Amino acid sequence: MNVIEVHNLVKRYDGKAVVNDVSMSVAQGEITGFLGPNGSGKTTTIRLMCGLLRADQGEGQVLGYDIRVDALKIKREVGYMTQRFSFYDDLS
């Protein structure tokens, strides 16, 4: 069973594709690295898969939930922590 299965994801900002035709699958129990230079769309792709952003094109499932219609269900099941968590800057 694949826990992540996405096909042809596209996300644009101001007409510019920041994620362009990304497809990938991750099997249950598999460890996967997601590597690339700064600005290559890694974070945006992860946010699309976690239901935090909506794809302009493409489709997929995470944990069996459709990324387009089941974003709330995905958010309940997936933990996401950015590399730099800006909330800490606001703490005293």
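Please refer to the structure higher up on the page.
Residues numbered from 1 in each chain as written. Predicted model: local features only at pLDDT ≥ 70, side-chain atom pairs only at ≥ 80, totals over all residues. Heavy atoms only, no water.

K.L.:
Go over the sheet that holds strand S1 (residues 2-13) with me, naming the residues and quoting the values.
P.N.:
Sheet architecture is open: four strands sit in the order S2-S1-S3-S4, paired in antiparallel fashion. The sheet terminates laterally at strand S2 (16-27) and strand S4 (65-66), the two strands that pair on one side only. Relative to strand S3 (residues 57-62), S1 is paired through five bridges, and the arrangement is antiparallel. Residue pairing in the sheet places His7 in a bridge with Glu59 of S3. (Pairing = 2+ DSSP bridges. Helix = DSSP H or I, 4+ residues; strand = E, 2+ residues; numbered from the N terminus.)

K.L.:
An account of unusual backbone geometry is requested, with residue identities and associated values reported.
P.N.:
In the Ramachandran plot, Asp14 falls in the positive-phi region, its phi being about 50 degrees despite a non-glycine side chain. Of note, Asp14 is situated in the loop between S1 and S2. For Asp14, a relative accessible area of 87% puts it in the exposed group. We note that Asp21 has phi near 65 degrees; this positive angle belongs to a residue other than glycine. (Buried < 20%, exposed > 50% of the residue type's maximum accessible area, 1.4 Å probe, protein only.)

K.L.:
For the pattern of salt bridges, give the residues involved together with the corresponding values.
P.N.:
Applying the stated criterion across every chain, the model contains two salt bridges. Its salt-bridge partner being Lys11, residue Asp56 comes within 4.0 Å of it at the nearest N-O pair. Of this pair, Asp56 sits in the loop between helix H1 (42-49) and S3 while Lys11 sits in strand S1, placing them 45 residues apart in sequence. Its relative accessible area of 38% is what places Asp56 among the partly exposed residues. For Lys73, the salt bridge goes to Asp70, with nearest N and O atoms at 4.0 Å. Using a relative accessible area of 18% as the deciding quantity, one classes Asp70 as buried. (Salt bridge = Lys/Arg side-chain N within 4 Å of Asp/Glu carboxyl O.)

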